[in-house]
Structure formats: structure tokens, C-alpha cells
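# Close look at the chain arrangement
Here is what each chain is made of, one letter per residue.
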Amino acid sequence: MSAAVVLTAALLALSALLAACGGSGTYVVPTPTAAATIDPGRATTTLQELQSVLRRGDTVAARRFGSDPAAADLLAAVAGNVPRIGLDHLALTYLTENGGGTFQGAWGATVQVSWRVKGFDNGIAQRDLAFSFADGGRTISRIGGGSDATPLWLSGPVIVRRSSDVLVIATAPAKEADALLTEAETGLARDRQVLGGRRSVVIEAPATVAGMQRALGVQPPTYDDIAAVTAPVDGNRLPGAPVHVFVNPVVYRRMGHVAAQVVMTHESVHAVTNAPLSTSAPLWLVEGFADYVALGDVNLPLSRTAAGISKEVRRRGAPKQLPTDTDFGSGDRNLGPTYEAAWQVCVTIADHAGQPALVRLYRDVLGGTPLATALPRDTGLTVASLTAAWRSRLTAVAAVAR
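These numbers were taken from a predicted model, which means no experiment stands behind them. (Residues numbered from 1 in each chain as written. Predicted model: local features only at pLDDT ≥ 70, side-chain atom pairs only at ≥ 80, totals over all residues. Heavy atoms only, no water.)

## Some thoughts on the overall build of the protein
What the protein contains, in helices and strands, is 15 helices and nine strands. Burial statistics for the protein: of 402 residues in total, 48% are counted as buried. For the protein, restricting intrachain contacts to residue pairs at least 6 apart in sequence, the fraction spanning at least 24 positions comes to 63%. (Helix = DSSP H or I, 4+ residues; strand = E, 2+ residues; numbered from the N terminus. Buried < 20%, exposed > 50% of the residue type's maximum accessible area, 1.4 Å probe, protein only. Contact = heavy atoms within 4.5 Å.)

## A closer look at the pairing of strand S4 (residues 139-143)
Sheet topology note: the strand S3 (residues 125-134)/S4 ladder contains four bridges and is antiparallel. For Ser132, the partnering residue across the bridge sits in S4 and is Arg142. (Pairing = 2+ DSSP bridges.)

## Looking at helix H12 (residues 335-353)
The end-to-end C-alpha distance of H12 is 27 Å, a good match for the 27 Å that 19 residues give at a rise of 1.5 Å each. Immediately beyond the C-terminal end of H12, within one or two residues, lies Gly354, with a positive phi of roughly 100 degrees. (Expected span 1.5 Å × (residues − 1).)

## Digging into the pattern of salt bridges
Applying the stated criterion across every chain yields a total of 15 salt bridges. Glu183 is the salt-bridge partner of Arg253, the closest N and O atoms lying 3.0 Å from each other. Of the two residues, Arg253 is situated in helix H7 (residues 249-254) and Glu183 in helix H5 (residues 174-195); the sequence distance between them amounts to 70 residues. Residue classification places Glu183 among the buried residues on the basis of a relative accessible area of 3%. We note a salt bridge from Asp364 to Arg377, for which the minimum N-O separation is 3.1 Å. Of the two residues, Asp364 is situated in helix H13 (residues 355-366) and Arg377 in helix H14 (residues 371-379); the sequence distance between them amounts to 13 residues. Judged by its relative accessible area of 53%, Arg377 falls in the exposed class. Taken together, the salt bridges that share partners define one network made up of Asp165, Arg192 and Arg198. (Salt bridge = Lys/Arg side-chain N within 4 Å of Asp/Glu carboxyl O.)

## Thoughts on the sheet that holds strand S6 (residues 166-170)
If you walk across this open sheet you meet the five strands as S5-S6-S7-S9-S8, and the pairing is mixed. The open sheet has two free edges, formed respectively by strand S5 (159-162) and strand S8 (228-232), since each of these has just one partner strand. Recorded for the sheet is a direction-independent mean angle of 20 degrees between the axes of neighbouring strands. Summarising the sheet, strand S7 (residues 201-205) and strand S9 (residues 243-247) pair through two bridges and their orientation is parallel. Note on S9: the bridge partner recorded for Glu204 is Phe246. The strands touched by helix H8 (residues 257-272) are S7, S8 and S9; relative to S8, the strand with the most contacts, the crossing angle is about 10 degrees. (Axes fitted to C-alpha atoms, helices over the stretch in contact; angles between N-to-C directions.)

## Some words on the pairing of strand S2 (residues 106-117)
Summarising burial for S2: ten of the twelve residues are buried, a large majority. Strand direction decides the pairing type here: S2 and S3, joined by ten bridges, are antiparallel. Each residue of the ladder has a partner; that of Val111, found in S3, is Leu129.

## Some details on the confidence of the model for the protein
Taken over all residues, the pLDDT of the protein has a mean of 90, while the share at 70 or more is 89%. Every residue in residues 1-33 scores below 50 in pLDDT, and together they form eight contacts with partners more than four places removed in sequence or on other chains. (pLDDT = per-residue confidence, 0-100.)

## A short note on the side chain of Thr305
With respect to the secondary-structure elements, Thr305 resides in helix H10 (residues 302-305). For Thr305, a relative accessible area of 13% corresponds to the buried category. Sequence-distant contacts of Thr305, that is, excluding residues within four places in its chain, are made with Leu295, Leu300, Glu340 and Trp343.

## Topic: the packing of aromatic side chains
Scanning all chains against the criterion turns up seven aromatic pairs. Both rings, one in Tyr94 and one in Phe133, keep their centres 5.9 Å apart while their planes meet at 50 degrees; by these two values the pair is tilted. With a gap of 39 residues between them, Tyr94 in strand S1 (residues 87-103) and Phe133 in strand S3 connect regions that are remote in the sequence. Relative accessible area serves as the criterion here: at 12%, Tyr94 is assigned to the buried category. Ring pairs connect the aromatic residues Tyr94, Trp107, Phe131 and Phe133, which therefore count as one cluster. (Phe/Tyr/Trp six-rings, centres within 6.5 Å; stacked < 30°, edge-to-face > 60°.)

## Here we look at the packing of H8 against helix H9 (residues 283-295)
Interhelical geometry of H8 versus H9 gives an angle of 130 degrees and a closest axis separation of 8 Å. Taken together, the axis directions place H8 and H9 in an arrangement best described as oblique. In the crossing of H8 with H9, the sense of the turn from one axis to the other is right-handed. Every residue of H9 that contacts H8 at Val262, Thr265, His266, Val269 and His270 is listed here: Val286, Glu287, Phe289, Ala290, Asp291, Val293, Ala294 and Leu295. Grouping the amino acids of the contact of H8 with H9 by side-chain chemistry returns eight nonpolar, three polar and two charged. (Parallel < 35°, antiparallel > 145°, perpendicular 65-115°, else oblique. Left-handed = near helix turned anticlockwise from the far one by under 90°. Nonpolar A, V, L, I, M, F, W, Y, C, P; charged D, E, K, R; others polar.)

## Considerations on the packing of H5 against H8
For the pair H5 and H8, interaxial distance at closest approach is 8 Å and the crossing angle is 55 degrees. Put simply, H5 runs oblique to H8. Remark: the crossing between H5 and H8 carries right-handed chirality. Here H5 contributes Leu180, Glu183, Ala184, Thr186, Gly187, Leu188, Arg190, Asp191 and Leu195 to the contact with H8, which in turn contributes His257, Ala260, Gln261, Met264, Thr265, Ser268, Val269 and Val272.

Okay, here's the thing in C-alpha cells:
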């Protein structure tokens, strides 16, 4: 390229730059956005003050902590949620700035939020959440959001439905919250028939799968196609951690009433027995027992409830071993047959030793007793004899479930 061409190109670029600056011929240096003042001490004081406001459910005072109208609306909604849900042990603790720098006068920090649903949760939930502070730490511009973990009660106004044993917290439509309350009560009634005692459950129903993922602190595509999941509220599997049922109403309601009720009863079994906190119970027992309870009073033929595993048995013969935990991977296309197979293991145990023996086994293994110890003690079966009886049962089921 010649010097003249280079000069011409440079002049054209300069002309375009001047035109972009208003065509005055004078280049004006843009005014930089003022950097945020990072003041952890002030932010800590702000959180302590906001904590007091939230505890007393003061929506008017909560607004004053918002850096803009949208943030003010969010904080007012959160303050209203606290008494509506019945949260106690609420605490906000500043941990550290998150290292993301400053942006438009705000900076990010990690805040530990603690809470408990009074009358339903035994333990206290704790999550480290992303907050954004503005005005030198005097106001808050954001809580969670995006792909960050955001408990449902901190995401905006919620609908609450309750009975003596069920609490529904929803951003889904009110009609959905009403239906969930009824289905959860029905599920608990069935749970009591099998497990005995008084049981209670909290149902959380975000309006979207993205809201469900944020409430659980997981990334897409986790649970994209899952109707409901029972999990520790804060992802903590330590003993005593609160466990709730999280529903994706979009998927849940597509299944129809009967299937939705089966799912709700199944998940409520997990919740009332704190099954997600177990670190040693085999999934065939955890999932199979939940289906045993949920399907026990459902008037459906085996051609529907055991269709998948029956097809597999007719094609390949009965499995040689009980379902493994790996078989329950969410990406496994044989997940349906795996659940059905696990259910039939529990049906086999109940047929051989009786329902009370199955319940004892379930409780003992969830409590930490090794399966190899609990199974013969509670049911008179060994893993080998159970496997043989189960395989025979699957073969018989496959013959009739056509």
C-alpha cells in the first residue's frame, strides 16, 4: 500500500470519528462513569438495618434500601414475603466483595442469607448469594438474578397457600398454587397410610424452569424436563437441612391430573422422610419406595405403570442385578424403566415380608444401616434372594403388561 493510500485511509477514519463525535471537528474525551466506592463496613451496616426491616415485614422501610425503583420494588416484595411465608431466623451477613470489580456505581459482594420456615423446617437454611451494592454500600441494586442462586422468596412477590400440614410458595399463577395445595394434601394423606405419624411439607413452585434452577442453585439444562424434584433448600446435605419439593408447573401440569398426583405423592415421600439427605441408601430403595407409596392406591393397569420395564424384559430378559445408582442418571433414556424396576423391587419385598417390613427397611437404611445388614434383619431376604424373586416377578409382569 502506498503512502498516499495510507494517508487517505487515515483521513477517512479520522473523518468518521469526528462525525461520530458530532461533526464539530473537536474530539471530546468521554466522561468516565464514576467508580463505585467499595465499603464493606457500610454494606455490613446496611444489611443489619435491612435485616431488621425484613424481620418485621416493613415494606415501606424496605423500599428505602433500593438503589432504583426496580430494586425498591424487589425489596418491598421480599419484606412482604417474610411474614406471609412465616420465615424466622432470618439473617444477612456480609462475607466479601466478589472480585468482579465495579460497574455503574455498584459493586458485587457475597452475602450469606439464613432463614427457616417456621412450623415446617426443623433446620436453618443458609445460602451464599450474590448482592450488588450502590451509593457507597448504602443501597442494594440487585439480589441474585440471572444464573445466580436466588431463593424463591428473594426473587419477587410470592403467592402463599397453606393448610395445617402443607405450605405452597409460588410465583406460578394462583390457580396453580391452589391445585398444588390440594395435591400435596392428598399426597400426605397417602404417606400417612404407609408411614404413619403426622407429616408436613413445603412446596415451592416457580413460574418457569429457569426460576426453578435459580431456586436450586443449578445451571441449565438441569431439570429442564423434570416435573418436580425434592432437594435441600440450600444444597446442604447435612443432617437437619430443610428439604422442600420444587415443582416446575410447566412440565408438571402437562402430565395430567393423575400423573401429577403420583409425582406429588412420590416427592412428598422424599420430603417427609428427608431422603435427599441420605448419602448411603441405594437409589433403588429411595425411588422405589416413593413409587410404592405413590402408586399403591392408583387404579392403573400394569400395562401403563410398568410398561417400560415390561418392554425391556420381553426384549432382553429380566435384569441380572438390582438397579444401580448409575442407572438413575438423569440423561439416561431408560430412566422410566429404571424407576419402574425399582418400584417392583419394593413391591417384591412387601409381597414377601409385608409392608411394615418394607417400611422398617426403608427407615433403617435411610438412617445409615447398611443394606446388607438391614435387609435380612428386616425382611428375611438377602440381596441374592431378593434379586431372584424380583427377576421372577418382572418376568411375570412382562407377560401380562402388554
